[in-house]
Amino acid sequence: VSDPCADRDQDGYAQTSDLTVQCPGKLKGDCADTVASVNPGRVEVCDNNLDDNCDGKTDLEDPNCQPMCFGNPTCTRTAACPTDFYCSGRCCQVCSTPYVPQCGQWGQCAVPRGVDTSTGCATSFFCRDCTACDSQPEAKVCGTNGATYRNRCLADAVSATVAHEGPCLPREGLDCTSAETFSLTACGAGAGLYCREQLIVPGGLPVRRCTQVGACVTDADCPAGAPVQGSCDAGSGVQRCVNNACALRCGG
Ligand SMILES: [Ca+2]
Ligand SMILES: [Ca+2]
Ligand SMILES: [Ca+2]
């Protein structure tokens, strides 16, 4: 039987934690008695895969490594934060409200630039002549950039790609490239979003953006995170993107 008071790494801490054992001249509770940098007198290092201070909690589990979020939830990704928050420094941070300019000239309106793809928060607005589109009925559409436009006319006028009819959902346009799969939870559980892959630059690498379930720009997007509706005779059905919604077309 080895000596419970042995201090093999000579850091002043013996391996035993037994209160009934006396180890004169030594402290106790060394949870790694071959590593001199690990003992109950140490401060937890948050990224070395060691329980440096021997409290049974390693790295991010350790209270010393918990972020100070001032009442906001902790997080590892934006999709896990409440709506209108983003994840930064492992804390959910509130999105700032974008500045909407007063567009002074007659016929001008403020048009959103969309969301910051890294946070999903709305960015800035710019002024442009909206007369032609203001004269058309309001029928909101959502761009792939996460901007909601008054109507398709205005989206076309600013060269935005329409993702679907109706306003954008919270976090549409958020980058989900780091998500491991195209799962429905990559953009937040129950958020009504899927992680859509798209080519922004022809021949470039695809990017992924959170997009409303069922919304599509090309046939390749379908079924766009939604279950296939309807059925055809074996093998004859093809998913098509028609007016930004997926539809099953039978007979090819
Ligand atoms: Ca020791
Ligand atoms: Ca550690
Ligand atoms: Ca620890």
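Whatever comes next refers back to the structure up there.
Everything numeric in this text was worked out from a predicted model, so none of it was measured. (Residues numbered from 1 in each chain as written. Chains lettered and ligands numbered in written order. Predicted model: local features only at pLDDT ≥ 70, side-chain atom pairs only at ≥ 80, totals over all residues. Heavy atoms only, no water.)

(A) Broad picture of the overall build of the chain. Across its full length, the chain holds two helices and 13 strands. Against the 2.2 N^0.38 benchmark of 18 Å for 252 residues, the chain shows a C-alpha radius of gyration of 28 Å, more extended than a compact globule. With respect to the principal axes defined by its C-alpha atoms, the chain has extents near 90 × 60 × 30 Å. Expressed as a percentage of the 252 residues in the chain, the buried residues total 35%. Partitioning the intrachain contacts of the chain with sequence separation of at least 6 by distance along the chain shows that 32% fall at a separation of at least 24. A total of about 14500 Å² of accessible surface is found on the chain, and carbon and sulfur atoms cover 52% of it. Computed over 18 positive and 29 negative side-chain charges, the inter-centroid distance for the chain is 9 Å. (Helix = DSSP H or I, 4+ residues; strand = E, 2+ residues; numbered from the N terminus. Rg over C-alpha atoms; globule rule 2.2 N^0.38 Å. Buried < 20%, exposed > 50% of the residue type's maximum accessible area, 1.4 Å probe, protein only. Contact = heavy atoms within 4.5 Å. Areas by Shrake-Rupley, 256 points an atom, 1.4 Å probe, with all protein chains shown as cover. Lys, Arg positive; Asp, Glu negative; His and termini not counted. Charge placed at Lys NZ, Arg CZ, Asp CG, Glu CD.)

(B) Summary view of the coordination of the calcium ion (ligand 3). The coordination sphere of the calcium ion (ligand 3) contains the protein donors Glu44 (OE), Asp51 (OD), Asn53 (OD1), Asp55 (OD), Lys57 (O) and Asp62 (OD), at a distance range of 2.2 to 2.3 Å. Classification of the site at the calcium ion (ligand 3) as octahedral follows from its six donor atoms and the range of 83 to 170 degrees in their angles at the metal. Spacing between the donor residues of the calcium ion (ligand 3) along their common chain follows E-x6-D-x1-N-x1-D-x1-K-x4-D. Of this pair, Glu44 sits in the loop between strand S2 (27-28) and strand S3 (85-88) while Lys57 is found in the loop between S2 and S3, placing the two residues 13 residues apart along the sequence. Accessibility expressed as a relative area gives 6% for Glu44, which makes it buried. (Donors = N, O, S within 2.8 Å, 3.2 Å for Na, K, Ca; no water. Tetrahedral: all angles 85-135°; square planar, octahedral: opposite > 155°, others 65-115°.)

(C) Region of the structure containing the coordination of the calcium ion (ligand 1). Distances from the calcium ion (ligand 1) to its protein donors, Asp7 (OD), Asp9 (OD), Asp11 (OD), Tyr13 (O), Asp30 (OD) and Asp33 (OD), fall at 2.1 to 2.3 Å. Its six donor atoms give the calcium ion (ligand 1) angles of 78 to 172 degrees at the centre, a pattern that matches the octahedral case. Within one chain, the residues donating to the calcium ion (ligand 1) are spaced in sequence as D-x1-D-x1-D-x1-Y-x16-D-x2-D. Of the two residues, Asp9 is situated in the segment before strand S1 (13-14) and Asp30 in the loop between S2 and S3; the sequence distance between them amounts to 21 residues. According to the relative accessible area criterion, Asp9 is buried, its value standing at 12%.

(D) Representation of the pattern of salt bridges in the model. One pass over the full model with this rule turns up seven salt bridges. Glu197 serves as the salt-bridge partner of Arg208, at 3.9 Å between the closest nitrogen and oxygen. One end of the pair, Arg208, is in strand S11 (residues 207-212); the other, Glu197, is in strand S10 (residues 193-198), with eleven residues separating them in the sequence. Judged by relative accessible area, Arg208 falls into the buried class, the value being 15%. One connected set of salt bridges, linked through shared partners, spans Asp134, Glu138, Lys140 and Arg150. (Salt bridge = Lys/Arg side-chain N within 4 Å of Asp/Glu carboxyl O.)

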